[in-house]
Structures are given as C-alpha cells and as structure tokens.
Amino acid sequence: MSQRLLLAAALLLLAACGRKRIVGPAPPPAAPKPKPVSLVVLLEDPDKKTGRIVVQNAGGLAELTVKNTAVAIVAADQSPTPAAIDEAEIQRRFGAVLAALPAAEARFTLYFRENSDEVTAESAALLPRVAQTIRERQSTFVSVTGHTDTTGAGEANYQLGLRRATRLGEILKAAGVAAEVLWVRSHGEGELLVQTPDNTAESRNRRVEVVIR
C-alpha cells in the first residue's frame, strides 16, 4: 500500500475517534400492563328469577344472590368482594353478547280430563296464547309431550299420552302453526309431575307439556 493511502486511512481513523457521541434523553419507562380481571355478574332470568353464584379462590369466598351484583377477580390470593353493577355498565360490557343469545324457552302445561284427550276448560283458554307465542318467535322446534297419571296399564297410558299430544298438535296446526315444527311424543306415566303410587288418579299428571324454542 502506498504511503498516501496509509496517510488517508490514518486521517479517517482519527476523525472517527474525534467525533463526539450525542446521547439524548432516556425514553420514559413503559407503563405497567394492567392486571387481567375476570368479572362475574349475576343477572335476572327471563322469568324474573335470580339464582345464586359462589365465587371462591385462595383469598376468600363471595356469594351472589341479588341481581346485578358482580365480583371482580384480580388475583388468586385476593379476596373476591361483591359490588353492585348498574344496567348501563352491564350493557356496555356485555350488551353485544346478551343481544346474541337465543330467546329463552317458553313453556306451557295444559291439563286434560280423566282418561280423555279433551283439554280442560281452563287449559283451553291458554291455547290462543300458545299458538301466538309460536308464531311471534317464528319457532322452528316445538316439543309437545303427553303425560298421564298412574291409573291403568303402562302401555295404555303411553297411548293415551300420545293421543293427548296428537290432539293438541292438531289444535295448534288449526291455529296456523306449521306441522313441520311440531315434535309430538308421549311419556305416558313415565314422568309424573306429582309422584303417586300406582293406580292413583291425579289431575296434575294428566297433562301435555309444550316447550317452544
């Protein structure tokens, strides 16, 4: 290498060593990440009933029995403490989820005369409401289940329950309910509403239960 090139390289090295290093202000520290919070809220059922929720961790236990109360769980060793939560906050946090939930089932129980597929007068008065509920919900599945008391033989009671359910299905179809949404079946004396011994007449067991989804 020529002396001229060596001299140029030396000058460049000296110039680089002589530059001042400019250090700016240190960046601010990153904000701490918020701790994850699980929120448990007790809401009222569509039938205006409120259940019960128990929340427990290493820090303690909280029991929710009043509608629109909540527990925030911040850490496993921090005791959960119930607090009220208003409707506006519930809607802000969970409104989209609640709106997407399917409508709750609607249930009707209609009673029948003894050893007959004829609806009682009191239950006949409910029939327009049953048909209207099916139409309003645009239901695609309606369970119509016939039941009996324990008088008579088991097979005969199965057939009687089926006749009751079939009769009610025909009434609903005449009221404008589509046949394809009806699921008609019988439990006979297999699922008593009121537990009784065999060969016991019980009016509350002579029924058809309609579940609208």
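Look a little higher up for the structure.
Treat the numbers as computed from the prediction; the structure is a model and nothing was measured.

Asker: It is not clear to me how the overall build of the protein chain should be interpreted in this structure. Could you clarify?
Answerer: Across its full length, the protein chain holds 5 helices and 9 strands. Taken from N to C terminus, the helices and strands of the protein chain fall in the order α-β-β-β-β-β-α-β-α-α-β-α-β-β. Evaluated residue by residue, the protein chain yields a buried proportion of 28% over its 213 residues. Once local pairs closer than 6 in sequence are excluded, the contacts in the protein chain between residues at least 24 apart make up 60%.

Asker: How do you make sense of the pattern of salt bridges when you look at a structure like this?
Answerer: Tallying each qualifying case throughout the model produces 12 salt bridges. Glu44 is the partner of Lys67 in a salt bridge, and the nearest nitrogen-oxygen pair spans 3.8 Å. With Lys67 in the loop between β3 (60–64) and β4 (69–73) and Glu44 in the loop between β1 (38–42) and β2 (53–57), the pair connects residues that are 23 residues apart, well separated along the chain. For Lys67, a relative accessible area of 40% gives the class partly exposed. Glu44 gets classed as partly exposed once you look at its relative accessible area, which sits at 31%. Between Arg92 and Glu89 there is a salt bridge whose closest N-O contact spans 2.7 Å. Taken together, the residues span about one helical turn, with Arg92 and Glu89 both in helix α2 (residues 87–100) at a distance of 3 residues. Judged by its relative accessible area of 60%, Arg92 is exposed. A relative accessible area of 22% places Glu89 in the partly exposed class.

Asker: Is there a simple way to think about the sheet that holds β4 in this case?
Answerer: Within a beta sheet, neighbouring strands are joined by backbone hydrogen bonds and run either parallel or antiparallel to one another. The 3 strands are arranged β1-β4-β5 in an open sheet whose pairing can be described as antiparallel. Every other strand in the sheet has two partners, leaving β1 and β5 (82–84) as the edge strands with one partner each. On average, each strand axis in the sheet is tilted by 35° relative to the strand beside it, whichever way the strands run. Across 3 bridges, β4 lies against β5 in antiparallel orientation. Residue Thr69 lies in a different strand from β5, and its bridge partner there is Ala84.

Asker: Any chance you could explain the packing of helix α4 (residues 127–137) against helix α5 (residues 154–174) here in plain terms?
Answerer: Packed helices, taken two at a time, are described by their axes: the angle between them and the distance between them. Relative orientation of the contacting elements α4 and α5 amounts to 65°, with a least axis distance of 10 Å. Accordingly, the angle class assigned to the pair α4 and α5 is roughly perpendicular. As α4 packs across α5, the resulting crossing turns out to be right-handed. Residue-level inspection shows Leu127, Val130, Ala131 and Ile134 of α4 in contact with α5, the latter providing Leu168, Ile171 and Leu172. Class assignment of the residues belonging to the contact of α4 with α5 gives a composition of 7 nonpolar, no polar and no charged.

Asker: What is the right way to read a nonpolar patch on the surface from this model?
Answerer: Residues Leu43, Val97, Leu98 and Leu101 make up a contiguous nonpolar surface patch of roughly 320 Å² in combined accessible area. As for its position among the elements, Leu98 is in helix α2. Classification of Leu98 as partly exposed rests on a relative accessible area of 30%.

Asker: For this particular structure, what's the right way to read the sheet that holds strand β7 (residues 142–147)?
Answerer: Strand order in the open sheet formed by 4 strands is β6-β9-β7-β8, with mixed pairing between adjacent strands. Of all strands in the sheet, those bounded by a partner on one side alone are β6 (106–111) and β8 (182–188). For this sheet, the mean angle separating the axes of adjacent strands, direction not counted, is 15°. Examined bridge by bridge, β7 and β8 share 6 bridges and lie parallel to one another. Across the sheet, the residue bridging to Val144 is Val184, located in β8. Its contacts with the sheet place α4 against β6, β7 and β9 (207–212), and it is angled at close to 155° to β6. Sitting on the sheet, α5 touches β6, β7, β8 and β9, and the angle it makes with β8 is about 155°.

The rules we used
Residues numbered from 1 in each chain as written. Predicted model: local features only at pLDDT ≥ 70, side-chain atom pairs only at ≥ 80, totals over all residues. Heavy atoms only, no water. Helix = DSSP H or I, 4+ residues; strand = E, 2+ residues; numbered from the N terminus. Buried < 20%, exposed > 50% of the residue type's maximum accessible area, 1.4 Å probe, protein only. Contact = heavy atoms within 4.5 Å. Salt bridge = Lys/Arg side-chain N within 4 Å of Asp/Glu carboxyl O. Pairing = 2+ DSSP bridges. Axes fitted to C-alpha atoms, helices over the stretch in contact; angles between N-to-C directions. Parallel < 35°, antiparallel > 145°, perpendicular 65-115°, else oblique. Left-handed = near helix turned anticlockwise from the far one by under 90°. Nonpolar A, V, L, I, M, F, W, Y, C, P; charged D, E, K, R; others polar. Patch = residues over 30% accessible without salt bridge, like charges linked within 9 Å, V, L, I, M, F, W, Y side chains within 5 Å. Areas by Shrake-Rupley, 256 points an atom, 1.4 Å probe, with all protein chains shown as cover.

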